[in-house]
Amino acid sequence: MKKRIVGAAVAVGAALALAPLTASPAAAEDAHLSICLSYNLEGAGNCQSAGAGYGISNLKEVAWGGWNDTISSVNNRTPYRYCFYVDAGYQGTSWSIDPWQWSNVPSYMDNKISSLRPC
Ligand SMILES: [Ca+2]
């Protein structure tokens, strides 16, 4: 009985010791990277963040969905090129921004973006 308890404690200790090693530094860093979407020009005011590497197929369906058709500038703080579309489902007229760049949304896309994804 005593031997089994000791064995279990060792197993738990080993699992805890391994946990930090399984998360790669790159993955941990990615969690802090994001696309910052602003409804003002030049990133002024509040922005909403989309996680690095993820797409949003319909801005109406996210918690901050009131931002559909409102985005006027974008700050891409990720290593991914991102494409933006005037329609949900990555459809319609599109525009892209390179990694680590920020830009005002071009006039033909201003206040029209409804979806975005790495591309
Ligand atoms: Ca739209």
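The model shown is predicted, which means the values in this text are computed figures rather than measured ones.

For the protein, the helix and strand inventory stands at two helices and seven strands. In sequence order, the secondary structure elements of the protein are arranged as α-α-β-β-β-β-β-β-β. Burial analysis of the protein (119 residues in total) assigns 18% to the buried set. Restricting to contacts in the protein with at least 6 residues of sequence separation, those with at least 24 account for 64%.

This next bit is on the sheet that holds strand β7 (residues 115-118). By way of backbone hydrogen bonds, the strands of a sheet pair with one another, either parallel or antiparallel. Here three strands make up an open sheet; going across it, the order is β5-β4-β7 and the pairing antiparallel. Two strands in the sheet have a free side with no partner beyond their single neighbour: β5 (91-97) and β7. Neighbouring strand axes in the sheet, compared pairwise and without regard to direction, differ in orientation by 25° on average. Pairing between strand β4 (residues 82-87) and β5: five bridges, direction antiparallel.

The next subject is the pairing of β4. Where β4 folds back onto β5 in an antiparallel hairpin, the turn is made up of three residues, including Gly89, whose phi is positive at roughly 75°. The pairing of β4 with β7 spans four bridges and is antiparallel. When the bridges of β7 are listed, Tyr85 appears paired with Ser115.

Moving on to the nonpolar core. Of all hydrophobic cores here, the largest spans 14 residues; its most connected members are Val74, Ile113 and Leu116. Elements with a contribution of two residues or more to this core: β1 (34-38) and β4. Broken down by element, this core gets its largest block of residues, three residues, from β4. Those residues in contact with Leu116 that lie beyond four places of it in its chain are Ala50, Gly55, Ile56, Tyr82, Cys83, Phe84 and Tyr85.

Further remarks concern the sheet that holds strand β6 (residues 102-104). Across the sheet, which stays open at both edges, the four strands sit in the order β2-β1-β3-β6 with antiparallel pairing between neighbours. In this open sheet, the two strands that pair with only one neighbour each are β2 (47-51) and β6. Each strand of the sheet is rotated relative to its neighbour by a mean of 15°, with strand direction disregarded. Pairing analysis gives five bridges linking β1 to β2, with the strands arranged antiparallel. Bridging from a neighbouring strand, Leu37 pairs with Gln48 of β2.

Non-glycine residue Asp69 carries a positive phi angle of around 60°. Checked against the element boundaries, Asp69 lands in the loop between β2 and β3 (73-77). Asp69 gets classed as partly exposed once you count the C-beta atoms within 10 Å, which come to 14. Of note in the backbone geometry, Asn111 takes a positive phi value of approximately 60° without being a glycine.

Here is what the cut-offs are and how they apply
- Residues numbered from 1 in each chain as written.
- Predicted model: local features only at pLDDT ≥ 70, side-chain atom pairs only at ≥ 80, totals over all residues.
- Helix = DSSP H or I, 4+ residues; strand = E, 2+ residues; numbered from the N terminus.
- Buried ≥ 20, exposed ≤ 12 C-beta atoms within 10 Å, placed from the backbone.
- Contact = placed C-beta atoms within 7 Å.
- Pairing = 2+ DSSP bridges.
- Axes fitted to C-alpha atoms, helices over the stretch in contact; angles between N-to-C directions.
- Core = buried A, V, L, I, M, F, W, Y, C linked by C-beta atoms within 7 Å.

Any functional reading would require information beyond the geometric quantities listed.
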